[in-house]
Structures are given as structure tokens and as C-alpha cells.
Amino acid sequence: MKKTPPAPAAAPRPRPRARAEGGVTLQDVARLAGVSPMSASRALNTPARVSQDILQRVQEAVARTGYVRNSLAGALASRRSRLVAALVPNVAGPVFQDLIQALIAALGSAGYQLILAQSGYGVLPDDLLNAVLGQRPDGLVLAGVVPSAQGRQRLQSAGLPVVETWDMVAEPVDMLVGFSHEQIAGAVATHLIADGRRQLAFVGGEHARAQRRARSFVSAALDKRRTARGHADAVAVESVPAPADVRSGRDALARILARQPKTDAVFCSSDLLALGVVTEAQARGIRIPEQLAVVGFGDLSFAADVLPALTTVRIDSAAIGATAARFIVERAEGRPVAATTVDVGFSIVTRDTA
């Protein structure tokens, strides 16, 4: 009888490649805690199976290193998820839509997918950050999101590319694509005072970015008016809960006029707020721009089509998204990023309201 030849041996499976350098591993935690990797794993996954002493030492090592457990460990042999996470204050907010679409398009063309998470307008919650990092994305984009001190440490320890956007901070976590809120506020104040406006007001959200814009607007307005007239009156500031809407703008103007009836210019931290201010002014018979100038922020799709057309600050959100995506892909694939900080600037689009 003819014997069947033995089947060829299966080719050896390729060994998983190491993740990008810089990430804190379980072995690092175990070494710092003075325990075996198995004990460290048990302390993190089944803490009841280790002694209180080992548990405490591992927890302290995690806190010191910023280690985040990999919830997808072993799922992919390459340890590459091809996923990029983006954290935005409000995923439904129109201000961030162009940025998000640009991220999706630019990442998709490079073979990556975008996952979104909503952070809210306050400091980024550490548990949300941990949940996102636990999915081991190949990169992270923060759009107008401010991490806590502990969150910054975790981001710097995670060993993945991070791009902060929608701001211009002195010490970015990693890379930065944005613009200066302070410069915008100063430019708008200069624009309004050059137009002959004297009783200025600011309407913005309660979050940190809007408050910085408010402080810079007030400071610039007072400086410009002192130069022009030798003295300066107070600038009214109204803060509204975020996310702001048209109703918030109407109510804010009503409060401003109650204490500063001769207000003749309002700068708003979003176009929706500006639309509310315009609506309330029209309801009161206030002529725009003859009696009240209004400037928004964002140059949203409706800004040019409402009556009167809205003067606003335009930000190239699509350029921010495309640049952030390029930074992530280049760094994730081991290529150097030449300039890690990019200021996209801004422009004031003058229409009918100012």
C-alpha cells in the first residue's frame, strides 16, 4: 500500500511586534512594585487573590507610572488597532463638525478609523480618559478638552501620539494644532472700538476657554478705550451654561441691558449665542448694527444666510482636523513630525451685524 506523505509543517506564527516605545507596560509596574508580572496582573484583575501588601504596592506603582491596563491585549497580533480616538466637549455641537469630518476623511484615507467620545465642557474626567486609553488606540485627538494633572501624566505615559486642538497652550502634552483665544478676543475688541463702539459686552460659556476669551476681550477693550478717550468704562460679561444655544443668547442680552442699557456692541463665544442676541435685540426694536453691533464665533453654516448676516470669527476647522490626522498617522507609523505645533490663525468675517 502506498503511504500518504505527511502534511507539511505549519509555518511559525509571527511574534507580536512591540508597541511604540515609551508606553508603560505591566512588567514596568511589576518591577517597580517588587512583585512578579503574574502577581501584578492578579492585583489589577482579581485583587481578592493577592495580599493587601501586594495590592497596595501595585496600586502605588500604577499611580506613579500612569499605567493603563490594556483591555484588548492579545486581540491583535500586531498590537495595532488602526483606531484613533477623538474627545470633544459635545459630539452634536455644530462648532466641531468640520473638524470631526476632516479627521474621518484624512484618517480613513490612511487606513484608520475614528472613534468619538464626549467629554463635556469641564476638566476631562479621568475615568473617561482611562476607558479610552484602555482600548489602546493608535492615537488620540483632544478637541478643546483639558485633561486633569493626573490625566496629563497618563497621556504622557501612554506611549501613543496625542494631538491637542482648538487651543494654543504653552506646554502641550505632545503635539498641538490650534489658535489663540486671547488673540481672537483682542482682535474683536479692536475691531469694535475702531467702528466707534464704546459700551461693550461679552457673552460666553462658563467653561475655561470662553472665560479666557472673556478676560482678554475685557482687557483689550479697556486698553483701547483708555488710549482713545483717556478713560474706560466697565465691560459687561455674561456667562451661560454650556452647551450654549439661541435661548441663552436672548437671556444674556436681556440681563446685560438691564444693568448697561447703552450697550452698543456684544461679542459672543459662539454663533448660536450671537443669533440669540440678534433675535432678542430685534424683539426689543433695537436696530442692528446702528444701535447694537454683534460678533459671533465659528462662522457656522447659517451665519451668512440669517438676516441680518452675522459678523463672526472664522476658524479653519477642516485644516485643524486634517493636520491633526496627519500628525497621528506619521507618529503612529514611526515617521518624524517636523513641526509639532501649528497655529492655524483666524479671520474676522465682516457682514451686516458689525
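First, a word on scope: everything that follows refers to the structure included in this document. These figures come from a predicted structure and were not determined experimentally.

So, the environment of Arg-326
Here is step 1: Take Arg-326: it is sitting in helix α11 (residues 317-332).
Here is step 2: Considered as a pair, Arg-326 and Leu-103 are 223 residues apart in the sequence and their alpha carbons are 9.1 Å apart.

Comments concerning the sheet that holds strand β9 (residues 236-240)
Here is step 1: The strand order across the open sheet built from 6 strands is β9-β8-β10-β11-β12-β14, with neighbouring strands paired in mixed fashion. The sheet terminates laterally at β9 and β14 (347-349), the two strands that pair on one side only. Strand-to-strand, the axes of this sheet are offset by a mean angle of 20 degrees, without reference to chain direction.
Here is step 2: Summarising the sheet, strand β10 (residues 265-268) and strand β11 (residues 293-297) pair through 3 bridges and their orientation is parallel. From the neighbouring strand, Phe-267 faces β11, where its bridge partner is Val-295.
Here is step 3: Packing against the sheet, helix α10 (residues 271-283) makes contact with β8 (200-205), β9, β10, β11 and β12 (311-314), and its axis sits at approximately 160 degrees to β11.

What to know about the sheet that holds strand β2 (residues 113-118)
Here is step 1: Spatially, β2-β1-β4-β6-β7-β13 is the arrangement adopted by the 6 strands of the open sheet, whose pairing is parallel. The open sheet has two edge strands, β2 and β13 (341-343), and neither has a second partner. Each strand axis lies, on average, 20 degrees off the axis of its neighbour in the sheet, ignoring direction.
Here is step 2: Where strand β1 (residues 83-88) lies against strand β4 (residues 139-143), 4 bridges are found, and the strand directions are parallel. The residue of β4 that forms the bridge with Val-84 is Gly-139.
Here is step 3: Packing of helix α5 (residues 126-134) onto the sheet brings it into contact with β1, β2 and β4, and relative to β1 it is tilted by some 165 degrees.
Here is step 4: Relative to the sheet, α11 contacts β1, β4, β6 (162-165), β7 (175-178) and β13, its axis offset from that of β7 by approximately 165 degrees.

Describing unusual backbone geometry
Here is step 1: The peptide bond linking Ile-288 to Pro-289 adopts the cis configuration, its omega dihedral lying at 10 degrees.
Here is step 2: As for its position among the elements, Pro-289 is in the loop between α10 and β11.
Here is step 3: Leu-307 connects to Pro-308 through a cis peptide bond whose omega is -5 degrees.
Here is step 4: Residues other than glycine seldom take positive phi values, yet Arg-136 does so here, at roughly 50 degrees.
Here is step 5: Turning to its location among the elements, Arg-136 is positioned in the loop between α5 and β4.
Here is step 6: One non-glycine residue with positive phi stands out, namely Asp-299, at about 45 degrees.
Here is step 7: Structurally, Asp-299 is set in the loop between β11 and β12.

Quick notes on the pattern of salt bridges
Here is step 1: Evaluated as defined, the whole model comprises 16 salt bridges.
Here is step 2: In this structure, the salt-bridge partner of Arg-31 is Asp-28, at a minimum N-O distance of 3.1 Å. Taken as a pair, Arg-31 and Asp-28 lie in helix α1 (residues 26-33) at a separation of 3 residues, close to a single helical turn.
Here is step 3: When its relative accessible area of 59% is taken as the criterion, Arg-31 is described as exposed.
Here is step 4: In this structure Asp-28 comes out as partly exposed when scored by relative accessible area, which is 27%.
Here is step 5: The residue Glu-280 makes a salt bridge to Arg-250 at a minimum N-O spacing of 2.9 Å. Note that Glu-280 is positioned in helix α10 and Arg-250 in helix α9 (residues 246-259), a separation of 30 residues in sequence.
Here is step 6: Glu-280 gets classed as buried once you look at its relative accessible area, which sits at 10%.
Here is step 7: Arg-250 gets classed as partly exposed once you look at its relative accessible area, which sits at 22%.
Here is step 8: Among the charged side chains, a salt-bridge network with shared partners connects Arg-82, Glu-333 and Arg-335.

Let's talk about the nonpolar core
Here is step 1: Core analysis: the biggest nonpolar cluster contains 47 residues, and Leu-103, Leu-192 and Phe-217 have the highest contact counts within it.
Here is step 2: For this core, the element with the highest residue contribution is α11, accounting for 7 residues.
Here is step 3: Two domains each donate at least three residues to this core, and these are domain 2 (83-179 + 317-344) and domain 3 (181-314).
Here is step 4: With sequence-adjacent residues up to four places away left out, Leu-103 is seen in contact with Ala-86, Gly-108, Leu-114, Val-141, Gly-321, Ala-324 and Ala-325.
Here is step 5: Val-240, Cys-268, Leu-292 and Leu-310 belong to the second largest nonpolar core, which has 21 residues in total.

Description of the environment of Ser-248
Here is step 1: Looking at the secondary structure, you find Ser-248 in helix α9.
Here is step 2: For the pair Ser-248 and Gly-204, spaced 44 residues apart in sequence, the C-alpha to C-alpha distance is 9.4 Å.

So, the packing of aromatic side chains
By convention here, two paired aromatic rings are described through the distance between centres and the angle between planes.
Here is step 1: According to the stated counting rule, one finds 6 aromatic pairs in the structure shown.
Here is step 2: Plain terms: the ring middles of Phe-202 and Phe-217 are 6.0 Å apart, the flat faces sit at 40 degrees to each other, and that makes the pair tilted. Taken together, the residues span a long stretch of sequence, with Phe-202 in strand β8 and Phe-217 in helix α8 (residues 208-229) at a distance of 15 residues.
Here is step 3: Residue classification places Phe-202 among the buried positions, given a relative accessible area of 1%.
Here is step 4: For Phe-217, a relative accessible area of 0% translates into the label buried.
Here is step 5: When the centroid spacing of 5.6 Å and the interplanar angle of 75 degrees are considered together, the rings of Phe-202 and Phe-267 count as edge-to-face. In this pair, Phe-202 is assigned in strand β8 and Phe-267 in strand β10, connecting sequence segments 65 residues apart.

Reading the values: rules and limits
- Residues numbered from 1 in each chain as written.
- Predicted model: local features only at pLDDT ≥ 70, side-chain atom pairs only at ≥ 80, totals over all residues.
- Heavy atoms only, no water.
- Helix = DSSP H or I, 4+ residues; strand = E, 2+ residues; numbered from the N terminus.
- Pairing = 2+ DSSP bridges.
- Axes fitted to C-alpha atoms, helices over the stretch in contact; angles between N-to-C directions.
- Contact = heavy atoms within 4.5 Å.
- Salt bridge = Lys/Arg side-chain N within 4 Å of Asp/Glu carboxyl O.
- Buried < 20%, exposed > 50% of the residue type's maximum accessible area, 1.4 Å probe, protein only.
- Core = buried A, V, L, I, M, F, W, Y, C linked by side-chain atoms within 4.5 Å.
- Domains from an automatic or database assignment.
- Phe/Tyr/Trp six-rings, centres within 6.5 Å; stacked < 30°, edge-to-face > 60°.

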